[in-house]
Amino acid sequence: MTQADTTAVGSPSAAATAARHFGRPRPDITRLPSLTGLRFPAALLVFLFHTGQPSPSLRLLQDDKAAMDYFKVTASAGALGVTFFFVLSGFVLTWSAREKDLARDFWRRRFVKIYPNYAITWALAMVLFASVYTPTRIALANLFMVHVWVPKAEFLSSVNTPSWSLACELVFYAAFPLLHKLFLRIRPEHVKVWITGAIAAVMATPFLTYALMPDTPTLPGGAVLGAKGTVEQYWITYILPPSRMLDFALGMLVALAVKNGRWRNVGIIWSSVLLAGGYVLCSYVPFLYAQRSVTIIPVIFLIAAAATADANERFTLFRNRTMVFLGEISFAFYLLHYIVLGCGRKVLDGNFSPAQVAGLVTAQLAITVFLSWVLYALVERPITRRFSKPRRPRAATG
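In this text the structure is predicted, and so the values were computed from the model without any measurement. (Residues numbered from 1 in each chain as written. Predicted model: local features only at pLDDT ≥ 70, side-chain atom pairs only at ≥ 80, totals over all residues. Heavy atoms only, no water.)

Participant: Describe the packing of aromatic side chains, listing the residues and the values that go with them.
Facilitator: Tallied over the entire structure, the rule returns 20 aromatic pairs. Plain terms: the ring middles of Phe91 and Trp95 are 5.7 Å apart, the flat faces sit at 15 degrees to each other, and that makes the pair stacked. Of this pair, Phe91 and Trp95 both sit in helix H4 (residues 77-95), separated by four residues, roughly a single helical turn. Each member of the pair, Phe91 as well as Trp95, carries the same accessibility label: buried. Note on Phe370 and Trp373: the rings are 6.1 Å apart at their centroids and 40 degrees apart in plane angle, and the pair reads as tilted. With Phe370 and Trp373 both in helix H18 (residues 354-387), this residue pair falls three residues apart, about one helical turn. The partly exposed category is assigned to Trp373, whose relative accessible area is 41%. Members of the aromatic cluster, connected to one another through ring pairs, are Phe86, Phe106, Trp164, Phe172, Tyr173, Phe176, Tyr234, Tyr238, Phe248 and Phe287. The ring of Trp95 is capped by Lys259, whose NZ or CZ atom sits 5.7 Å from the centre of that ring. Residue placement shows Arg386 over the ring face of Phe387; its charged tip is 4.8 Å from the ring centre. (Phe/Tyr/Trp six-rings, centres within 6.5 Å; stacked < 30°, edge-to-face > 60°. Helix = DSSP H or I, 4+ residues; strand = E, 2+ residues; numbered from the N terminus. Buried < 20%, exposed > 50% of the residue type's maximum accessible area, 1.4 Å probe, protein only. Lys NZ or Arg CZ within 6 Å of the ring centre and 35° of its normal.)

Participant: I'd like a description of the nonpolar core, backed by residues and values.
Facilitator: Core analysis: the largest hydrophobic core is formed by 100 residues, its most contacted members being Leu35, Phe91 and Ile195. Beyond its immediate chain neighbours, meaning those up to four positions away, Leu35 contacts Leu88, Phe91, Val92, Ile303, Ala306, Ala307 and Asp310. (Core = buried A, V, L, I, M, F, W, Y, C linked by side-chain atoms within 4.5 Å. Contact = heavy atoms within 4.5 Å.)

Participant: Report on unusual backbone geometry, specifying residues and quantitative values.
Facilitator: A positive phi is found at Met145, a non-glycine position, where the angle reads about 60 degrees. With respect to the secondary-structure elements, Met145 resides in the loop between helix H6 (136-143) and helix H7 (153-156). Owing to a relative accessible area of 4%, Met145 belongs among the buried residues under this scheme. One non-glycine residue with positive phi stands out, namely Glu313, at about 55 degrees. Since its relative accessible area comes to 44%, Glu313 is described here as partly exposed.

Participant: Give me the lowdown on a nonpolar patch on the surface, citing residues and values where you can.
Facilitator: On the surface, a cluster of nonpolar side chains totalling about 520 Å² of accessible area is made up of Val266, Ile269, Trp270, Val273 and Leu274. Residue position: Val273 is located in helix H13 (residues 268-281). A residue is classified by how much of its surface remains accessible, and Val273, at 47% relative accessible area, is partly exposed. (Patch = residues over 30% accessible without salt bridge, like charges linked within 9 Å, V, L, I, M, F, W, Y side chains within 5 Å. Areas by Shrake-Rupley, 256 points an atom, 1.4 Å probe, with all protein chains shown as cover. Salt bridge = Lys/Arg side-chain N within 4 Å of Asp/Glu carboxyl O.)

Participant: Please provide a residue-by-residue account of the packing of helix H17 (residues 330-347) against H18, values included.
Facilitator: Close contact between H17 and H18 brings their axes to 8 Å; oriented N to C, the two are set at 135 degrees. Between H17 and H18, the interaxial angle falls into the category oblique. The handedness of the crossing between H17 and H18 is right-handed. Along its contact with H17, which presents Phe331, Ala332, Phe333, Leu336, His337, Val340, Leu341 and Gly344, the element H18 presents Gln364, Leu365, Ile367, Thr368, Val369, Leu371, Ser372, Leu375, Tyr376 and Glu380. Here the residues of the contact of H17 with H18 are counted per class, giving twelve nonpolar, five polar and one charged. (Axes fitted to C-alpha atoms, helices over the stretch in contact; angles between N-to-C directions. Parallel < 35°, antiparallel > 145°, perpendicular 65-115°, else oblique. Left-handed = near helix turned anticlockwise from the far one by under 90°. Nonpolar A, V, L, I, M, F, W, Y, C, P; charged D, E, K, R; others polar.)

Treat this as a map of the structure, not an account of what it does.
In C-alpha coordinates, the structure reads:
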(Lines give C-alpha, C1' and ligand atoms only; values in the text may rest on other atoms or scores of the structure.)
Protein backbone atom coordinates (compact mmCIF):
# COMPACT_ATOMS: atom_id res chain seq x y z
CA MET A 1 0.00 0.00 0.00
CA THR A 2 1.61 3.22 -1.12
CA GLN A 3 0.95 6.91 -1.43
CA ALA A 4 2.08 8.40 -4.72
CA ASP A 5 4.92 10.91 -4.73
CA THR A 6 3.31 13.63 -6.77
CA THR A 7 3.98 17.19 -7.83
CA ALA A 8 1.79 20.09 -8.85
CA VAL A 9 0.57 20.08 -12.42
CA GLY A 10 0.78 23.08 -14.72
CA SER A 11 -1.50 24.08 -17.58
CA PRO A 12 -1.68 21.56 -20.45
CA SER A 13 0.40 22.12 -23.55
CA ALA A 14 -0.93 21.81 -27.09
CA ALA A 15 0.58 18.32 -27.31
CA ALA A 16 -1.09 17.33 -24.08
CA THR A 17 -4.45 18.63 -25.32
CA ALA A 18 -4.05 16.68 -28.54
CA ALA A 19 -3.15 13.54 -26.60
CA ARG A 20 -6.31 13.91 -24.54
CA HIS A 21 -8.38 14.40 -27.69
CA PHE A 22 -7.16 11.12 -29.16
CA GLY A 23 -7.74 9.23 -25.90
CA ARG A 24 -4.13 9.01 -24.81
CA PRO A 25 -3.21 10.08 -21.27
CA ARG A 26 -1.73 13.49 -20.71
CA PRO A 27 1.95 13.05 -19.89
CA ASP A 28 2.01 16.01 -17.47
CA ILE A 29 -0.61 14.55 -15.09
CA THR A 30 0.97 13.06 -11.98
CA ARG A 31 -1.91 13.07 -9.47
CA LEU A 32 -4.29 10.13 -9.79
CA PRO A 33 -7.12 10.70 -7.30
CA SER A 34 -9.22 7.78 -8.59
CA LEU A 35 -6.42 5.37 -7.72
CA THR A 36 -6.22 6.93 -4.27
CA GLY A 37 -9.98 6.48 -3.92
CA LEU A 38 -9.77 2.85 -5.03
CA ARG A 39 -7.40 2.03 -2.22
CA PHE A 40 -10.16 2.04 0.38
CA PRO A 41 -12.40 -0.54 -1.36
CA ALA A 42 -9.29 -2.75 -1.65
CA ALA A 43 -8.56 -2.34 2.07
CA LEU A 44 -12.24 -2.98 2.81
CA LEU A 45 -12.00 -6.32 0.99
CA VAL A 46 -9.22 -7.38 3.37
CA PHE A 47 -11.34 -6.20 6.33
CA LEU A 48 -14.32 -8.25 5.15
CA PHE A 49 -12.11 -11.29 4.58
CA HIS A 50 -10.99 -11.20 8.21
CA THR A 51 -14.54 -10.66 9.51
CA GLY A 52 -15.51 -13.82 7.62
CA GLN A 53 -12.82 -16.03 9.14
CA PRO A 54 -14.44 -18.91 11.06
CA SER A 55 -11.55 -19.20 13.53
CA PRO A 56 -12.49 -18.72 17.23
CA SER A 57 -10.26 -15.63 17.50
CA LEU A 58 -12.41 -13.73 14.97
CA ARG A 59 -15.73 -15.53 14.46
CA LEU A 60 -18.83 -13.74 15.72
CA LEU A 61 -21.62 -15.74 14.05
CA GLN A 62 -23.36 -18.29 16.24
CA ASP A 63 -24.85 -20.53 13.55
CA ASP A 64 -22.29 -22.86 11.94
CA LYS A 65 -23.96 -22.84 8.53
CA ALA A 66 -24.23 -19.05 8.50
CA ALA A 67 -20.57 -18.77 9.48
CA MET A 68 -19.45 -21.06 6.64
CA ASP A 69 -21.72 -19.34 4.12
CA TYR A 70 -20.26 -15.97 5.06
CA PHE A 71 -16.75 -17.39 4.83
CA LYS A 72 -17.42 -18.77 1.35
CA VAL A 73 -18.52 -15.31 0.18
CA THR A 74 -15.47 -13.52 1.60
CA ALA A 75 -12.89 -16.31 1.18
CA SER A 76 -11.06 -14.67 -1.75
CA ALA A 77 -11.61 -11.04 -0.75
CA GLY A 78 -8.36 -10.68 1.17
CA ALA A 79 -6.23 -12.13 -1.63
CA LEU A 80 -7.89 -9.83 -4.14
CA GLY A 81 -7.26 -6.77 -1.98
CA VAL A 82 -3.60 -7.63 -1.47
CA THR A 83 -3.06 -8.33 -5.18
CA PHE A 84 -4.64 -4.98 -6.00
CA PHE A 85 -2.29 -3.19 -3.60
CA PHE A 86 0.83 -4.89 -4.94
CA VAL A 87 -0.01 -4.04 -8.55
CA LEU A 88 -1.11 -0.53 -7.57
CA SER A 89 2.16 0.05 -5.74
CA GLY A 90 4.26 -0.67 -8.81
CA PHE A 91 1.93 1.37 -11.03
CA VAL A 92 1.84 4.50 -8.88
CA LEU A 93 5.55 4.55 -8.10
CA THR A 94 6.38 4.25 -11.80
CA TRP A 95 3.80 6.81 -12.84
CA SER A 96 5.07 9.39 -10.37
CA ALA A 97 8.79 8.55 -10.56
CA ARG A 98 10.95 11.66 -10.46
CA GLU A 99 13.61 12.30 -13.05
CA LYS A 100 17.15 12.01 -11.66
CA ASP A 101 15.75 10.85 -8.33
CA LEU A 102 18.45 9.29 -6.16
CA ALA A 103 17.78 5.80 -4.80
CA ARG A 104 18.52 6.90 -1.25
CA ASP A 105 15.93 9.70 -1.51
CA PHE A 106 13.35 7.24 -2.79
CA TRP A 107 14.12 4.75 -0.01
CA ARG A 108 13.89 7.49 2.63
CA ARG A 109 10.44 8.54 1.39
CA ARG A 110 9.21 4.96 1.44
CA PHE A 111 10.63 4.28 4.90
CA VAL A 112 9.04 7.31 6.55
CA LYS A 113 5.80 6.48 4.78
CA ILE A 114 5.38 2.92 6.03
CA TYR A 115 7.54 2.17 9.06
CA PRO A 116 6.22 4.60 11.72
CA ASN A 117 2.68 3.25 11.22
CA TYR A 118 4.02 -0.28 11.09
CA ALA A 119 5.96 0.06 14.35
CA ILE A 120 3.03 1.68 16.18
CA THR A 121 0.56 -1.01 15.14
CA TRP A 122 3.12 -3.70 15.98
CA ALA A 123 3.35 -2.28 19.51
CA LEU A 124 -0.44 -2.04 19.81
CA ALA A 125 -0.92 -5.65 18.76
CA MET A 126 1.77 -6.85 21.16
CA VAL A 127 0.29 -4.95 24.11
CA LEU A 128 -3.33 -5.85 23.41
CA PHE A 129 -3.11 -9.55 22.57
CA ALA A 130 -0.09 -10.85 20.64
CA SER A 131 2.47 -10.90 23.47
CA VAL A 132 0.53 -13.68 25.20
CA TYR A 133 1.33 -16.28 22.53
CA THR A 134 4.19 -14.80 20.47
CA PRO A 135 7.76 -15.91 21.25
CA THR A 136 10.32 -13.10 21.42
CA ARG A 137 12.24 -14.25 18.34
CA ILE A 138 9.06 -14.22 16.24
CA ALA A 139 7.99 -10.84 17.57
CA LEU A 140 11.39 -9.35 16.73
CA ALA A 141 11.36 -10.93 13.26
CA ASN A 142 8.01 -9.28 12.69
CA LEU A 143 9.22 -5.92 13.99
CA PHE A 144 12.18 -5.96 11.59
CA MET A 145 9.93 -7.19 8.75
CA VAL A 146 11.85 -10.38 8.01
CA HIS A 147 9.21 -12.86 9.18
CA VAL A 148 7.93 -13.18 5.63
CA TRP A 149 11.00 -15.22 4.71
CA VAL A 150 10.17 -18.10 7.09
CA PRO A 151 7.70 -20.67 5.65
CA LYS A 152 5.98 -21.37 8.95
CA ALA A 153 2.48 -20.32 9.91
CA GLU A 154 3.55 -18.99 13.30
CA PHE A 155 5.89 -16.52 11.57
CA LEU A 156 3.72 -15.57 8.60
CA SER A 157 0.63 -14.73 10.68
CA SER A 158 2.51 -13.35 13.67
CA VAL A 159 1.67 -10.27 15.78
CA ASN A 160 -0.47 -8.18 13.38
CA THR A 161 -1.48 -10.68 10.69
CA PRO A 162 -1.62 -8.29 7.68
CA SER A 163 1.97 -7.21 8.36
CA TRP A 164 3.41 -9.85 6.02
CA SER A 165 2.36 -7.82 2.98
CA LEU A 166 4.31 -4.79 4.24
CA ALA A 167 7.40 -7.00 4.54
CA CYS A 168 6.90 -7.84 0.85
CA GLU A 169 6.52 -4.15 0.00
CA LEU A 170 9.85 -3.50 1.71
CA VAL A 171 11.51 -5.83 -0.79
CA PHE A 172 9.68 -4.17 -3.68
CA TYR A 173 10.90 -0.75 -2.60
CA ALA A 174 14.46 -2.01 -2.30
CA ALA A 175 14.31 -3.28 -5.89
CA PHE A 176 12.35 -0.42 -7.45
CA PRO A 177 15.22 1.91 -8.46
CA LEU A 178 16.97 -0.89 -10.34
CA LEU A 179 13.78 -2.30 -11.86
CA HIS A 180 12.68 1.15 -12.97
CA LYS A 181 16.00 1.80 -14.66
CA LEU A 182 15.83 -1.55 -16.46
CA PHE A 183 12.20 -1.20 -17.52
CA LEU A 184 12.82 2.26 -18.99
CA ARG A 185 15.17 0.59 -21.46
CA ILE A 186 12.33 -1.49 -22.91
CA ARG A 187 11.15 -0.11 -26.24
CA PRO A 188 7.54 1.10 -25.90
CA GLU A 189 6.29 -1.28 -28.59
CA HIS A 190 7.75 -4.22 -26.62
CA VAL A 191 6.21 -3.41 -23.22
CA LYS A 192 3.10 -5.50 -23.92
CA VAL A 193 5.29 -8.54 -24.54
CA TRP A 194 6.82 -8.09 -21.09
CA ILE A 195 3.36 -7.63 -19.57
CA THR A 196 2.19 -10.86 -21.19
CA GLY A 197 5.24 -12.68 -19.88
CA ALA A 198 4.69 -11.40 -16.34
CA ILE A 199 1.02 -12.47 -16.42
CA ALA A 200 2.04 -15.92 -17.66
CA ALA A 201 4.56 -16.19 -14.82
CA VAL A 202 1.89 -15.29 -12.24
CA MET A 203 -0.44 -17.97 -13.61
CA ALA A 204 2.34 -20.54 -13.85
CA THR A 205 3.35 -20.15 -10.20
CA PRO A 206 0.52 -22.21 -8.66
CA PHE A 207 0.73 -24.77 -11.48
CA LEU A 208 4.43 -25.40 -10.85
CA THR A 209 3.91 -25.36 -7.08
CA TYR A 210 1.21 -28.02 -7.25
CA ALA A 211 3.24 -30.07 -9.75
CA LEU A 212 6.63 -29.98 -8.07
CA MET A 213 5.89 -29.89 -4.33
CA PRO A 214 4.19 -32.44 -2.07
CA ASP A 215 0.61 -31.54 -1.16
CA THR A 216 0.71 -32.80 2.43
CA PRO A 217 0.41 -31.90 5.22
CA THR A 218 -2.32 -29.45 4.33
CA LEU A 219 -2.71 -25.93 5.73
CA PRO A 220 -4.00 -25.70 9.33
CA GLY A 221 -7.76 -25.90 8.99
CA GLY A 222 -7.42 -26.33 5.24
CA ALA A 223 -9.55 -29.46 5.05
CA VAL A 224 -12.50 -27.67 6.68
CA LEU A 225 -12.06 -24.47 4.68
CA GLY A 226 -11.46 -26.15 1.32
CA ALA A 227 -7.93 -24.74 1.10
CA LYS A 228 -5.97 -27.47 -0.65
CA GLY A 229 -2.25 -26.91 -0.20
CA THR A 230 0.59 -27.00 2.31
CA VAL A 231 2.06 -24.05 4.20
CA GLU A 232 5.11 -24.19 1.91
CA GLN A 233 2.95 -24.18 -1.24
CA TYR A 234 0.94 -21.27 0.07
CA TRP A 235 4.11 -19.42 1.04
CA ILE A 236 5.74 -19.79 -2.38
CA THR A 237 2.60 -18.94 -4.34
CA TYR A 238 1.10 -16.18 -2.24
CA ILE A 239 3.62 -14.74 0.23
CA LEU A 240 7.24 -15.20 -0.87
CA PRO A 241 8.51 -11.70 -1.88
CA PRO A 242 10.25 -12.78 -5.15
CA SER A 243 7.01 -14.46 -6.22
CA ARG A 244 4.88 -11.42 -5.38
CA MET A 245 7.43 -9.19 -7.09
CA LEU A 246 5.69 -10.27 -10.30
CA ASP A 247 2.57 -8.32 -9.23
CA PHE A 248 4.64 -5.25 -8.46
CA ALA A 249 6.56 -5.51 -11.75
CA LEU A 250 3.27 -5.88 -13.63
CA GLY A 251 2.08 -2.61 -12.15
CA MET A 252 5.29 -0.93 -13.27
CA LEU A 253 5.04 -2.28 -16.82
CA VAL A 254 1.36 -1.36 -17.17
CA ALA A 255 2.15 2.18 -15.99
CA LEU A 256 4.78 2.50 -18.74
CA ALA A 257 2.33 1.15 -21.32
CA VAL A 258 -0.39 3.61 -20.29
CA LYS A 259 1.98 6.60 -20.19
CA ASN A 260 3.32 5.75 -23.65
CA GLY A 261 -0.14 5.30 -25.16
CA ARG A 262 0.47 1.57 -25.67
CA TRP A 263 -2.48 0.35 -23.62
CA ARG A 264 -5.95 -0.57 -24.89
CA ASN A 265 -8.27 0.87 -22.27
CA VAL A 266 -11.48 -1.10 -21.66
CA GLY A 267 -12.87 1.43 -19.17
CA ILE A 268 -13.73 1.24 -15.49
CA ILE A 269 -17.17 -0.35 -15.96
CA TRP A 270 -16.00 -3.29 -18.03
CA SER A 271 -12.91 -3.70 -15.85
CA SER A 272 -15.18 -3.91 -12.79
CA VAL A 273 -17.40 -6.47 -14.51
CA LEU A 274 -14.36 -8.58 -15.35
CA LEU A 275 -13.13 -8.27 -11.77
CA ALA A 276 -16.49 -9.36 -10.36
CA GLY A 277 -16.52 -12.33 -12.74
CA GLY A 278 -12.99 -13.25 -11.72
CA TYR A 279 -13.96 -13.10 -8.07
CA VAL A 280 -16.87 -15.49 -8.62
CA LEU A 281 -14.58 -17.81 -10.57
CA CYS A 282 -12.24 -18.00 -7.56
CA SER A 283 -14.78 -20.25 -5.85
CA TYR A 284 -14.51 -22.84 -8.64
CA VAL A 285 -10.74 -23.16 -9.13
CA PRO A 286 -8.08 -24.82 -6.95
CA PHE A 287 -7.14 -22.85 -3.85
CA LEU A 288 -3.73 -21.55 -4.98
CA TYR A 289 -5.09 -20.33 -8.32
CA ALA A 290 -7.75 -18.33 -6.49
CA GLN A 291 -5.14 -16.35 -4.57
CA ARG A 292 -4.23 -14.09 -7.52
CA SER A 293 -3.99 -15.92 -10.88
CA VAL A 294 -7.71 -15.62 -11.63
CA THR A 295 -8.00 -11.91 -10.80
CA ILE A 296 -4.64 -10.50 -11.91
CA ILE A 297 -5.81 -9.47 -15.40
CA PRO A 298 -8.99 -7.67 -14.22
CA VAL A 299 -6.92 -5.91 -11.54
CA ILE A 300 -4.46 -4.43 -14.04
CA PHE A 301 -7.33 -3.44 -16.36
CA LEU A 302 -9.11 -1.60 -13.52
CA ILE A 303 -5.99 0.22 -12.34
CA ALA A 304 -5.09 1.25 -15.89
CA ALA A 305 -8.66 2.38 -16.59
CA ALA A 306 -8.82 4.55 -13.45
CA ALA A 307 -5.43 6.11 -14.22
CA THR A 308 -6.45 6.81 -17.81
CA ALA A 309 -9.67 8.45 -16.64
CA ASP A 310 -7.71 10.71 -14.28
CA ALA A 311 -5.07 11.52 -16.87
CA ASN A 312 -7.82 12.53 -19.30
CA GLU A 313 -9.69 14.39 -16.53
CA ARG A 314 -12.82 12.28 -16.84
CA PHE A 315 -15.34 11.69 -14.06
CA THR A 316 -15.09 8.58 -11.90
CA LEU A 317 -16.87 7.52 -8.73
CA PHE A 318 -13.57 7.26 -6.88
CA ARG A 319 -12.16 10.78 -7.18
CA ASN A 320 -14.62 12.65 -4.95
CA ARG A 321 -13.46 14.08 -1.62
CA THR A 322 -14.88 11.28 0.51
CA MET A 323 -13.26 8.49 -1.48
CA VAL A 324 -9.94 10.31 -1.72
CA PHE A 325 -9.97 10.91 2.05
CA LEU A 326 -10.74 7.25 2.73
CA GLY A 327 -7.99 6.28 0.30
CA GLU A 328 -5.51 8.50 2.11
CA ILE A 329 -6.20 6.82 5.45
CA SER A 330 -6.40 3.33 3.91
CA PHE A 331 -2.82 2.42 4.81
CA ALA A 332 -3.52 3.10 8.48
CA PHE A 333 -6.86 1.29 8.07
CA TYR A 334 -5.10 -1.75 6.64
CA LEU A 335 -2.71 -1.96 9.59
CA LEU A 336 -5.34 -1.26 12.28
CA HIS A 337 -8.33 -3.31 11.19
CA TYR A 338 -7.09 -6.70 12.40
CA ILE A 339 -6.24 -5.22 15.79
CA VAL A 340 -9.77 -3.80 16.11
CA LEU A 341 -11.30 -7.12 15.07
CA GLY A 342 -9.11 -9.11 17.46
CA CYS A 343 -9.84 -6.84 20.40
CA GLY A 344 -13.53 -6.82 19.53
CA ARG A 345 -13.62 -10.61 19.70
CA LYS A 346 -11.95 -10.49 23.13
CA VAL A 347 -14.39 -7.92 24.48
CA LEU A 348 -17.58 -9.43 23.08
CA ASP A 349 -18.92 -12.39 25.03
CA GLY A 350 -20.42 -15.25 23.02
CA ASN A 351 -21.64 -15.46 19.43
CA PHE A 352 -24.49 -13.67 17.73
CA SER A 353 -27.22 -13.80 15.11
CA PRO A 354 -26.57 -12.56 11.53
CA ALA A 355 -28.42 -9.29 12.19
CA GLN A 356 -26.41 -8.64 15.34
CA VAL A 357 -23.15 -9.50 13.58
CA ALA A 358 -23.98 -7.07 10.77
CA GLY A 359 -24.35 -4.31 13.35
CA LEU A 360 -21.19 -5.31 15.20
CA VAL A 361 -19.12 -5.45 12.00
CA THR A 362 -20.44 -2.03 10.99
CA ALA A 363 -19.43 -0.66 14.39
CA GLN A 364 -15.97 -2.22 14.07
CA LEU A 365 -15.64 -0.68 10.63
CA ALA A 366 -16.54 2.76 11.97
CA ILE A 367 -14.08 2.41 14.86
CA THR A 368 -11.32 1.35 12.47
CA VAL A 369 -11.99 4.30 10.16
CA PHE A 370 -11.87 6.72 13.09
CA LEU A 371 -8.64 5.28 14.49
CA SER A 372 -7.14 5.27 11.00
CA TRP A 373 -7.88 8.96 10.63
CA VAL A 374 -6.22 9.62 14.00
CA LEU A 375 -3.11 7.62 13.04
CA TYR A 376 -2.95 9.29 9.64
CA ALA A 377 -3.43 12.81 11.01
CA LEU A 378 -1.11 12.54 14.02
CA VAL A 379 1.63 10.24 12.70
CA GLU A 380 1.63 9.35 9.02
CA ARG A 381 0.97 12.74 7.43
CA PRO A 382 3.21 14.92 9.64
CA ILE A 383 6.13 12.48 9.54
CA THR A 384 5.83 12.06 5.78
CA ARG A 385 5.77 15.83 5.25
CA ARG A 386 8.64 16.40 7.65
CA PHE A 387 11.08 13.77 6.46
CA SER A 388 10.21 13.04 2.82
CA LYS A 389 12.38 15.85 1.48
CA PRO A 390 16.14 15.95 2.08
CA ARG A 391 17.44 18.77 4.19
CA ARG A 392 18.88 21.55 2.10
CA PRO A 393 22.52 22.40 2.86
CA ARG A 394 23.07 25.71 4.50
CA ALA A 395 24.15 28.52 2.20
CA ALA A 396 27.90 29.07 2.17
CA THR A 397 29.10 32.15 3.98
CA GLY A 398 31.87 34.43 2.73
